[in-house]
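What the coordinates show
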Amino acid sequence: AQSVTQPDIHITVSEGASLELRCNYSYGATPYLFWYVQSPGQGLQLLLKYFSGDTLVQGIKGFEAEFKRSQSSFNLRKPSVHWSDAAEYFCAVGAPGTASKLTFGTGTRLQVTL
Amino acid sequence: DVKVTQSSRYLVKRTGEKVFLECVQDMDHENMFWYRQDPGLGLRLIYFSYDVKMKEKGDIPEGYSVSREKKERFSLILESASTNQTSMYLCASSPTGVGNIQYFGAGTRLSVL
């Protein structure tokens, strides 16, 4: 069975600084990988996804993530954080052919200071 | 845009009550899911359904049941609510064959007193 680890529970960055959120997964083959964002009191919104091909994927709101098979990682990055990026971020992994099931990490809460 | 609608944003119920959480999607998706979200635990899958009248247990099904009589609607039922079921409940839907992308509703925050 697949699993996801987000080692950072809480991260604080200054507005305008760069951001990297870590995600490590466990799966025997190449999985589907996702980052979702949840603003306070809201549902989850898809930021970006990786299925195959180019290991650097671009998402909405200026986010990108890089799939590194050798490290079993899919870290999320943004070069310059805005105050509106404050939210909780979830990494998720899916196994092809499993009726769209996903396994989520425990989330990283991002705080942005002005 | 895909729309997943959860009927209530906030619910307050008493211990022992039967509780229904409703979820409707408008994109003809085959798959639907119920999660609960608790601080520090992320999202945990309660039940999912891959077709009308079909359901499978997720990781934490105890104390819950589900119903899917129509393709667009997936209901989560707490037969006898308990205080440890106080949580945020999230519904999601997903089309088959599109890489497991799930689309989420806004969530229902349930308090059981």
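Read on for a plain summary of the structure. (Residues numbered from 1 in each chain as written. Chains lettered and ligands numbered in written order. Predicted model: local features only at pLDDT ≥ 70, side-chain atom pairs only at ≥ 80, totals over all residues. Heavy atoms only, no water.)

With respect to the layout of surface pockets
Gaps left between atoms show up when a probe the size of a water molecule is rolled over them. Of the voids in this model, the largest pocket is the one considered here, and its volume is about 400 Å³. E88 and R109 of chain A together with Q37, D38 and P39 of chain B are, among the 20 residues lining the largest pocket, the residues nearest its centre. Broken down by secondary-structure element, the contributors of at least two residues to the lining of the largest pocket are β10 (87–94) of chain A together with β4 (31–38) and β9 (87–94) of chain B. What the second largest pocket holds in volume is close to 340 Å³. Forming the walls of the second largest pocket are 19 residues, and the residues nearest its centre are L44, Q45 and L46 of chain A together with Y103 and F104 of chain B. For the lining of the second largest pocket, the elements supplying multiple residues, two or more each, are β6 (44–50) and β7 (56–58) of chain A together with β10 (103–104) of chain B. The biggest single contributor to the lining of the second largest pocket is β6 of chain A, with 6 residues. Among the residues making up the lining of the second largest pocket, the classes are represented as 12 nonpolar, 6 polar and 1 charged. (1 Å grid on protein atoms, 1.4 Å probe; cavity = no way out; pocket = protein on both sides within 12 Å on 5 of 7 lines; lining within 4 Å. Points joined across faces, edges and corners; volume = space filled by probe spheres on them. Helix = DSSP H or I, 4+ residues; strand = E, 2+ residues; numbered from the N terminus. Nonpolar A, V, L, I, M, F, W, Y, C, P; charged D, E, K, R; others polar.)

Some details on the sheet that holds strand β8 (residues 73–78) of chain B
Residue and element names in this part refer to chain B. Taken in spatial order, the 4 strands of this open sheet run β1-β3-β8-β7, and their pairing is antiparallel. With one partner strand each, in any of the chains shown, β1 (4–6) and β7 (65–70) form the two edges of the open sheet. If you compare each strand with its neighbour and ignore which way they point, the axes differ by 20 degrees on average. (Pairing = 2+ DSSP bridges. Axes fitted to C-alpha atoms, helices over the stretch in contact; angles between N-to-C directions.)

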